[in-house]
Amino acid sequence: MTSPQATTTDSDTIVAVASAPGRGGVGVVRLSGPDAIVVAQKITRLRELPARFANYTKFCDVDGTVLDSGLAIAFPGPASFTGEDVVELQGHGSPIMLDALVRTAIKLGARMARPGEFSERAYLNGKMDLAQAEAVADLINAASEASAKAAVRSLQGDFSRLMNGLSETLVRLRVQVEAAIDFPDEDIELLAAPGITAMLADLIEQVEQIITRTRSGVRLTEGARLVLIGAPNVGKSSVLNRLCGEDRAIVTDIAGTTRDLVREQLQLNGIPVELIDTAGLRDTNDAIEAEGVRRARAAASEADLVLAVYDLADPSSKEFIENWLEEFQTERSVIFPTEIKSNVIVIENKSDLDVDAENKGFPGKQVLTYRVSAKSGANFEELTEQLVELLTGDESGSGIGTREQTYSARSRHLLALDEAATGLVDAQSAITEGHGAELVAEHLRHAQAELGSVCGEITTDALLGEIFSSFCIGK
Amino acid sequence: MTTSNSTDKKPTAAELHPDAFDVIVIGGGHAGCEAALAAARLGATTLLLTQSIDTIGQMSCNPAIGGIGKSHLVREIDALGGMMARVTDKAGIQFRVLNARKGPAVRATRAQADRVLYRNAARVAIEAQPNLQMFQQSVTDLEVTNDRVTGVVTQMGLTFRAAAVVLTTGTFLGGKIHIGMQRHQGGRAGDAPSNALADRLRALPLNVGRLKTGTPPRIDARSVDFTVMGQQPGDEPRPTMSKFSTPADHPRQVPCYITYTNETTHNIIRGGLDRSPLYSGKIEGTGPRYCPSIEDKVMRFADRNEHQIFVEPEGLDANELYPNGISTSLPFDVQMQFVRSIKGFENAHITRPGYAIEYDYFDPRDLQYSLETKVIEGLYFAGQINGTTGYEEAAAQGLMAGANAALKIAGKGIWCPRRDEAYIGVLVDDLINLGTNEPYRMFTSRAEYRLRLREDNADLRLTQQGYDLGLVSEEQYATFKRERATVDAITAHLKKQHLRPGSDMAAALSAATGEHISKDQSSTDYLKRPKVTAIALQPLLAELDLSEAKEAGVDLDAALTQAGVEIKYEGYIKRQDLEIDRVKRHESIRIPASLDYATIEGLSNELREKLLATKPASLAKAARVPGITPAALSLLMVHAQKHAKNPKKVPGNAATEEQESTSRGEQHQG
Ligand SMILES: Cc1cc2nc3c(=O)[nH]c(=O)nc-3n(C[C@H](O)[C@H](O)[C@H](O)COP(=O)(O)OP(=O)(O)OC[C@H]3O[C@@H](n4cnc5c(N)ncnc54)[C@H](O)[C@@H]3O)c2cc1C
Ligand SMILES: Nc1nc2c(ncn2[C@@H]2O[C@H](COP(=O)(O)OP(=O)(O)OP(=O)(O)O)[C@@H](O)[C@H]2O)c(=O)[nH]1
Ligand SMILES: [Mg+2]
């Protein structure tokens, strides 16, 4: 449907993560608009938010669950950045927490800000002079371009396929309902038809699945779990130390050094990941080591990404990986922001040693291989960039500026999916409760508009076109 | 071309016959009638010029008014003081409520009309209208000076002057009729096309296209066997089209019939396709997708072994039948054969062959919200020439164009209801922003605010606006006010009523509706249950004194029903209110006509061109430009604001341009 989707300075209260992208430490969520203070009071459970005073407080979601704690500062308008009532919530900067705060604000009536919208309001409320207008325009421009790119990135791969499939099914459903309304003489008496309710139930299941998978996809870009695996002594612990930039795991030339999981939280070009080192996989009589091996295998099967390491100078370690790949199975439930065929990356370690350069890769297997040296650090920069690209979809791999955008694009998409799901569920109850077709249609229209904000609007004309090609209508 | 010789002393009949008017309407079809009436109601001295006074209000095709989406338009015309609904009530010979089992928003009244009665009633309405004169002449030329229309010239060479001219010539411009491989020029069967005028208009800087539509053969009722067909009587209680009519205004009622095509019919049609103008490429115009010819249906839906035909009487005294569903341009011999293969039509005698007609239409994107062309000041277009189809769509535009022409003469601003106020608003907004590449018909699915654009509340949405403009009579307005007050009183009363389980009232209501009251609840919550009708809550009104309204003639059941509808939809409508508020605020952000789109960084070239072509007057209008993004709107807003703060920086005389944009852009909105 064509409906004016755009919004401008008006009575909406807007919310967004305001901390500079890509930097850890504090995270700021900013609210602006007439309800900013009310919404913040609900989140902080504070009765008063004195102006310009840093209140140390907890942040709660709508059910009262504490999400985080931090500072809440109110800047009542007009003496604020935007000229409207503004509240800043400063928390611990974990993107997951920031996301939860933004969602809570939205549930409480705020709306996700558009790129550059805070500045735009500031300008429109006379908080900036004429000379700054161009700058604001440029900012809106740049921000919207970047967010458009991020949205495109977020829409790649599985996600886009799933979304388009969803939208198509919904169009087919709406075609039935709208046709029944606009062409009653054509005997399209449908709402009661089991086909419709089944289609709707199926759609709801699809949306919910996509939501779950996308949510873990969002988590992936925030704290993906990477697991190192391989035969003993191939240099797994050395790789971990290299990636951490510090000696975290014990390295010796004794096979079987690592016995238990070693977990490290680190950032790859600013992207947070959890890297797990494991015991070298081998059959052993040592009970402790055997338990380590079991844990290693378990960790691999739950990994977002497995880094399978072998030693270029040790053909048996390569053979080992080859066999392991055959039997390795994961239930990859997350949707990567990038198109990847498998969630295993093979690391060919010890490239500093004099080895056969031709001995490359795994012909016939669709895995990415990287040749590095944990000793010299050779190729680690490339490896890091490659990992960042895989996890964020950012082709530059630099991680700068993209994390926030890809992330917020994806989380915008999630909000739309949530709303779409609500519309579908409401449509379903409208049918079961025996409400009129026009109310069912209204909920479906709402759901479609939400999906449309992700994968493109479906115009009325397109919908009518579908109706006319599906039914022989007209006298 | 008369632009140059307009100063020549033509032998006008000035002394004998007035030749200067405020508004001239060309064409006495459905658009023309409403246009002329609306202009005259607003006090403009108006001339209706039409090819033939005898065909005023002629139904070119299907003898029916209303239907889903369309009846909504008719109710709106009614609420604005127009004639279509009242005329339909004088001519309707079968009335039905479509979607009766669906909710009130999509319920629609449809009337089968007696062609002759309709024409007569239309003519009576035109003749009764003060300030309005008719004259029978075909218009051959427009007088245009400095891109401003000044008058029209007729076939006889008569000149009539006016600063506003509304063109409503339907399918007549360059009309070409096809029956099989034969074709001839015509405006519709039996009428000459308007070729001189078409040539003249084609010379104006307007975008012209070709569209096509068709009509079925008509059949002599005496040669039809109705006993083998399904009968479809009208509905009881019988609805009326106008709020101001009663079933007593209706003529005698008759039923319609239903029959079907069959495989034999389809085979005959397939056999004739090589001589079909549609399938042999003779027709270049695009036809409507929803009103396909029978040959289209057979080809596109090859798996269907029958298609429904509604057999509709053309009138009470007429023996002709309109077989709704078999529009065709196949050769006449094929038409005869396939008609006779249809059940009940075995011996059918065709009185007029079916045909397709191709005609010129003007890209409605060249129009403003007032339906005035952007390039020729004072020239308004309404009806089929704007790419629409249907009497109701034509009439709605006619009313808009006629009213705006008169407003302009009176020095007032443009008036157009918003999309959330009226289907008329949806129609105009869609046309001028999106254009159309097939004949545009109204559907409820085109209205995003469908739940509030209902038949039952057309008056509530529009009568106040209409009255403020001068379109609505004092009498109609007084009725409206009374009804409104009654509905409000009922709503307020219902909201105060609580239902307690076990009370006598609860027991009575449960018994009446079959819906139990198991916990304490407000009567409005109870009413929101699908099976509970407002009428069933009648007992709750016992303590409300409505005697005054009753004495004044207010239909209390209708008022209760309307209060009920509003309560039932309340939640949905509130949700839409937020969206509408935003549109309204965007309406208040004006975009100066002198805004230089070329200097705005960040607009795509495509968008820049579209904006340049449409020059939206406000942010809300810009939001309707196809392909606009939220970011582009933000940019426009920032630049509009910047421009407003510092207009001197703009090259050219910014002061006068500013002035112009406010006086032109100012809108009356309710
Ligand atoms: C063959 C055919 C099939 C159709 N099928 C359908 C259908 O299936 N469904 C549907 O909804 N609608 C259909 N229509 C359309 C419907 O008839 C029109 O939409 C509606 O009548 C348009 O109204 P209007 O006022 O724009 O034009 P019209 O009703 O066509 O009126 C035009 C008027 O202008 C007058 N005129 C023309 N040229 C001049 C001139 N130069 N000077 C003075 N007067 C002039 C004519 O005499 C006429 O009175 C069909 C029309 C035709 C012809
Ligand atoms: N030459 C060379 N030696 C390396 C490299 N990486 C690791 N080594 C050496 O290989 C040996 C084993 O390294 P670890 O990192 O302990 O190997 P591991 O895979 O963790 O071994 P386990 O924990 O026993 O399974 C050590 O002696 C390292 O110094 C490398 O890139 N080049
Ligand atoms: Mg180790």
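Computed from a predicted structure; not experimentally measured.

## Some details on the overall build of chain A
- Of the regular secondary structure elements, chain A holds 13 helices and 12 strands.
- Buried positions account for 56% of the 475 residues belonging to chain A.
- Contacts in chain A between residues far apart in sequence, at least 24 positions, make up 66% of those at least 6 positions apart.
- Counting every atom, chain A has about 19,700 Å² of accessible surface; 49% of that belongs to carbon and sulfur.

## A word on the site of ligand 2
Residue and element names in this part refer to chain A.
- Taken together, 23 residues are adjacent to ligand 2, and Ser238, Gly256, Thr257, Thr258 and Asp352 come closest.
- With respect to ligand 2, the backbone of Val234 contributes an N or O atom lying 3.2 Å from an oxygen atom.
- With respect to ligand 2, the side chain of Ser237 contributes an N or O atom lying 2.8 Å from an oxygen atom.
- Isolated, ligand 2 exposes 640 Å² of accessible area, and the fraction of that covered by the protein chains is 88%.
- Across the shell around ligand 2, the residue classes tally to 7 nonpolar, 11 polar and 5 charged.

## With respect to the packing of helix 1 (residues 30-41) of chain B against helix 9 (residues 391-409) of chain B
Residue and element names in this part refer to chain B.
- Two elements in contact, helix 1 and helix 9, have axes separated by 7 Å at closest approach and are oriented at 30°. As judged from the angle between their axes, helix 1 and helix 9 are roughly parallel. The chirality of how helix 1 crosses helix 9 is right-handed. Residue-level contacts link His30, Ala31, Glu34, Ala35, Ala38, Ala39 and Arg41 of helix 1 to Tyr391, Ala394, Ala395, Gly398, Leu399, Gly402, Ala403 and Ala406 of helix 9.
- Residues belonging to the contact of helix 1 with helix 9 are distributed by class as follows: 10 nonpolar, 3 polar and 2 charged.

## Description of the coordination of the magnesium ion (ligand 3)
Residues and elements named next belong to chain A.
- Protein coordination at the magnesium ion (ligand 3): the donors are Ser237 (OG) and Thr258 (OG1), at 2.0 to 2.1 Å from the metal. Of this pair, Ser237 sits in helix 7 (residues 236-244) while Thr258 sits in the loop between helix 7 and strand 8 (262-268), and the two are 21 residues apart along the sequence. Across this residue pair, the class does not change: Ser237 and Thr258 are buried.

## Examining the site of ligand 1
Residues and elements named next belong to chain B.
- Surveying the vicinity of ligand 1 reveals 35 residues, the closest of which are Cys61, Val139, Ser194, Gln384 and Gly390.
- Residue Gly28 places a main-chain N or O atom 3.4 Å away from an oxygen atom belonging to ligand 1.
- Ala31 is positioned such that a nitrogen or oxygen atom in its backbone is 2.9 Å from an oxygen atom of ligand 1.
- Here ligand 1 has 990 Å² of accessible area as a free molecule, and 96% of this is covered by the chains.
- At the level of elements, helix 1, strand 2 (46-50), strand 13 (208-215), strand 20 (355-362) and helix 9 are the ones that each hand at least two residues to the shell around ligand 1.
- Residues of the shell around ligand 1, tallied by class, amount to 12 nonpolar, 21 polar and 2 charged.

## Some points on helix 12 (residues 474-496) of chain B
- Between its first and last C-alpha, helix 12 of chain B extends 33 Å over 23 residues, near the 33 Å set by a 1.5 Å rise per residue.
- Considering only its buried residues, helix 12 of chain B is in contact with helix 2 (70-79), helix 3 (84-91), helix 11 (458-469), helix 14 (523-527), helix 15 (547-551) and helix 16 (556-588) of chain B.

## Overview of the confidence of the model for chain B
Residues and elements named next belong to chain B.
- Per-chain confidence: chain B averages 89 in pLDDT, with 93% of residues scoring 70 or above.
- Taken as a whole, residues 1-6 scores under 50 in pLDDT and shows 10 contacts with residues more than four places along the chain or in a different chain.
- Here residues 648-670 is a poorly scored stretch, pLDDT under 50, and it has 30 contacts once near neighbours within four places are set aside; other chains count.

## Observations concerning the sheet that holds strand 9 (residues 159-161) of chain B
Residues and elements named next belong to chain B.
- Taken in spatial order, the 3 strands line up as 7-8-9 in an open sheet, and their pairing is antiparallel. Whereas interior strands pair on both sides, the edge strands pair on one side only; in this sheet they are strand 7 (139-145) and strand 9. Looking at each pair of strands side by side, their axes are set apart by 30° on average, direction ignored.
- Looking at chain direction, strand 8 (residues 148-154) and strand 9 are connected through 3 bridges and run antiparallel. In the strand pairing of strand 9, Gly151 is matched with Arg161.

The rules behind each value
- Residues numbered from 1 in each chain as written.
- Chains lettered and ligands numbered in written order.
- Predicted model: local features only at pLDDT ≥ 70, side-chain atom pairs only at ≥ 80, totals over all residues.
- Heavy atoms only, no water.
- Helix = DSSP H or I, 4+ residues; strand = E, 2+ residues; numbered from the N terminus.
- Buried < 20%, exposed > 50% of the residue type's maximum accessible area, 1.4 Å probe, protein only.
- Contact = heavy atoms within 4.5 Å.
- Areas by Shrake-Rupley, 256 points an atom, 1.4 Å probe, with all protein chains shown as cover.
- Near = heavy atom within 4 Å.
- Polar contact = N/O pair within 3.5 Å; in protein donor to acceptor, adjacent residues only side chain to side chain.
- Nonpolar A, V, L, I, M, F, W, Y, C, P; charged D, E, K, R; others polar.
- Axes fitted to C-alpha atoms, helices over the stretch in contact; angles between N-to-C directions.
- Parallel < 35°, antiparallel > 145°, perpendicular 65-115°, else oblique.
- Left-handed = near helix turned anticlockwise from the far one by under 90°.
- Donors = N, O, S within 2.8 Å, 3.2 Å for Na, K, Ca; no water.
- Expected span 1.5 Å × (residues − 1).
- pLDDT = per-residue confidence, 0-100.
- Pairing = 2+ DSSP bridges.

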